[in-house]
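Commentary on secondary and tertiary structure
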Amino acid sequence: MKTLLLDTSKENIQKAGELLRNGELVGIPTETVYGLAADALNGKAVADIFKAKNRPMDNPLIVHIASLADIEKHRLVAEFPKQAALLARAFWPGPLTIIMKKGESIPDEVSAGLDSVAIRFPSHNVAQQIIEAAGTPLAAPSANLSGSPSPTSAQHVMNDMDGRISAVVDGGVCEVGLESTVITVLGDVPRILRPGGVTYSQLKEVLGEVEVDKAVLEGLDDGEAAASPGMKYKHYAPSANVILLNSSDDEYIEYVNAHADSSTAALCCDEDIDKLSVQTYSLGKRGDYISHAHALFERLRSIDENKSISTVYSRLPSAEGVGMAVYNRLIRAAGFEVIDLEKL
Ligand code: TXA
Ligand code: MG
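Please read all numbers here as calculations on a predicted model, not as lab measurements. Here the residue numbering is sequential within each chain, running from 1 through the sequence in written order. Written order determines the labels here, with chains lettered from A and ligands numbered from 1. The model is predicted, so local features are restricted to residues of pLDDT at least 70 and side-chain atom pairs to those at 80 or more, both for listing and for counting; the totals for chains, interfaces and linings are taken over all residues. Water and hydrogen atoms were dropped before computing side-chain values, which therefore reflect all heavy atoms in the structure.

**Here's the deal with a nonpolar patch on the surface**
Judged by side-chain polarity, Y200, V212 and L217 come together as a nonpolar surface patch covering roughly 200 Å² of accessible area. Starting at the N terminus, helices and strands are each numbered in turn, a helix being any DSSP run of H or I of at least four residues and a strand any DSSP run of E of at least two. Considering the arrangement of structural elements, one finds Y200 in helix α8 (residues 200-207). Throughout this description, buried means an accessible area under 20% of the type-specific maximum (1.4 Å probe, protein chains only), exposed means over 50%, and partly exposed covers the range between. Take Y200: its relative accessible area is 31%, and that puts it in the partly exposed class. Patch members must show over 30% relative accessible area and no salt bridge, and they are joined within 9 Å when carrying like charges or within 5 Å when they are nonpolar side chains of Val, Leu, Ile, Met, Phe, Trp or Tyr. Using a 1.4 Å probe, the Shrake-Rupley method yields the accessible areas, and only the shown protein chains count as cover for residues. Take a side-chain nitrogen of Lys or Arg and a carboxyl oxygen of Asp or Glu: if they are within 4 Å of each other, that pair is a salt bridge.

Encoded structure:
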């Protein structure tokens, strides 16, 4: 299959919409990461997403809408609880996904057999235009091959999906750089299943009470069920071995320099670059969590492209603000292994 790389001209948006209506797969830009979209109401098209990504069939997909009215019009949810309405008013369109009871039109392929569905209204103008052109809500996971870092540019999508899908629409580099925050409103207290651009404190301000699922910051024990199936996979990992250090800034520099060789790299902050004697991949200024989130997947992919790198050292990030999302992705990339220099 030849994969078309489309710019965002009016004709190309219409073309993308037409492909989607015909049951084909299209890579689309959103403000978080690129999505691999199909008509969410067409079970066969949705099944093709799993094949193109090599995604396990038990991992459900997010349904993307271009207006609040789409939820009722397409009977996407069985009920729209008050907490969902509060969240939608505060954060939609934007990087927040809400889990609700699924409606009658949702195919089993989307919900992976669960009785819930994940809904998101992206703020990216091109994403909205493509959903409108398709005339149907779009199921879309991140447009990477399962297990590799999510794509934040059209080129990343081409690297993983060329020959596997009909087209990719190039809407530029994604602003947030990490996937949306996923929250469930199915229990008494809303619970964050995956942290993202919308933070814990923003959610708490709107909801009053919100919990963070255990799997966000820690690994699951063997056999323990994940509230969000995606959280049980290692995920987000580059092929190099990521090692996290719990340490002060100085201890980090000292440790990395002591372990330096030609196959070592550092995922670090701007302030560390001159002090490190290995190849550096900076996430931005120290403490600027928004820029760290924006850069993380791009840096992990660049590290992957450098075949000489087999080990990457990073400091365990702070879990404050958007930092919680960076922490969650990095600790998975590292397979939950942290070297604690404070205790050595
Ligand atoms: O920012 C994003 O959310 C991107 C863009 C493309 O919108 N999409 C994305 O999709 O990250 P994906 O499939 O890579 O991640 C969806 C996550 C998975 O961890 C999945 O298990 C969880 O959401 N999820 C989906 N439906 C769910 C449900 N009904 N209950 C619990 N978790 C669900
Ligand atoms: Mg993903």
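**Thoughts on the side chain of T311**
Secondary-structure assignment places T311 in strand β15 (residues 311-315). In this structure, T311 is in contact with A240, N241, I243, S263, T264 and A265, ignoring residues within four places of it in sequence. Contact definition: two residues touch when any of their heavy atoms are within 4.5 Å.

**A word on the site of ligand 1**
Here a residue counts as near a molecule or strand whenever at least one of its heavy atoms sits within 4 Å of it. Residues in contact with ligand 1 amount to 26 residues; listed here are only the nearest, T32, N59, H64, S180 and G230. Taking R55, its side chain carries an N or O atom lying 2.9 Å from an oxygen atom of ligand 1. Burial of ligand 1 by the protein chains amounts to 98% of its free accessible area of 680 Å². Of all elements in the fold, only β4 (62-64), β6 (116-120) and β10 (191-194) reach the threshold of two or more residues within the shell around ligand 1. Residue type decides the class: Asp, Glu, Lys and Arg count as charged, Ala, Val, Leu, Ile, Met, Phe, Trp, Tyr, Cys and Pro as nonpolar, and the leftover types, Gly among them, as polar. A breakdown of the residues in the shell around ligand 1 according to their chemical character gives 13 nonpolar, nine polar and four charged. Polar contacts here mean pairs of N or O atoms no more than 3.5 Å apart (in protein, one a potential hydrogen donor and the other a potential acceptor; neighbouring residues in sequence count only if both atoms are side-chain atoms).

**Digging into the sheet that holds strand β12 (residues 241-246)**
Judged by pairing direction, the sheet is parallel, and its five strands sit side by side in the order β14-β13-β15-β12-β16 without closing on themselves. The open sheet has two edge strands with one neighbour each: β14 (279-282) and β16 (338-340). Shown here is a sheet whose adjacent strand axes are inclined to one another by a mean of 25°, direction ignored. Here, any two strands with at least 2 DSSP bridges between them count as paired. Of the strand pairs in this sheet, strand β13 (residues 264-268) and β15 are connected by four bridges, and their pairing is parallel. The partner of T264 across the bridge, within β15, is T311. Every angle, taken between N-to-C directions, lies between 0 and 180 degrees, and every axis is a line fitted to C-alpha atoms, over only the stretch in contact when it is a helix.

**A word on the packing of aromatic side chains**
The description of an aromatic ring pair uses the distance of the two centres, along with the angle that the planes make with each other. Two aromatic rings, drawn from Phe, Tyr or Trp (for Trp, its six-membered ring), form a pair once their centres lie within 6.5 Å of each other, and the interplanar angle then sorts them: stacked below 30 degrees, edge-to-face above 60, tilted otherwise. Counted under the stated rule, the structure contains two aromatic pairs. Judged by centre distance (6.5 Å) and plane angle (65°), the ring pair of W92 and F121 falls under edge-to-face. Pair noted here: W92 is in the loop between α4 (82-91) and β5 (96-101) and F121 is in the loop between β6 and α6 (125-134), with a separation of 29 residues, a long-range link. With relative accessibility at 8%, the residue W92 sits in the buried group. Aromatic side chains Y255 and Y313 sit 5.8 Å apart centroid to centroid with 75° between the ring planes, which places their arrangement in the edge-to-face category. In this pair, Y255 sits in helix α9 (residues 249-258) while Y313 sits in strand β15, placing the two residues 58 residues apart along the sequence.

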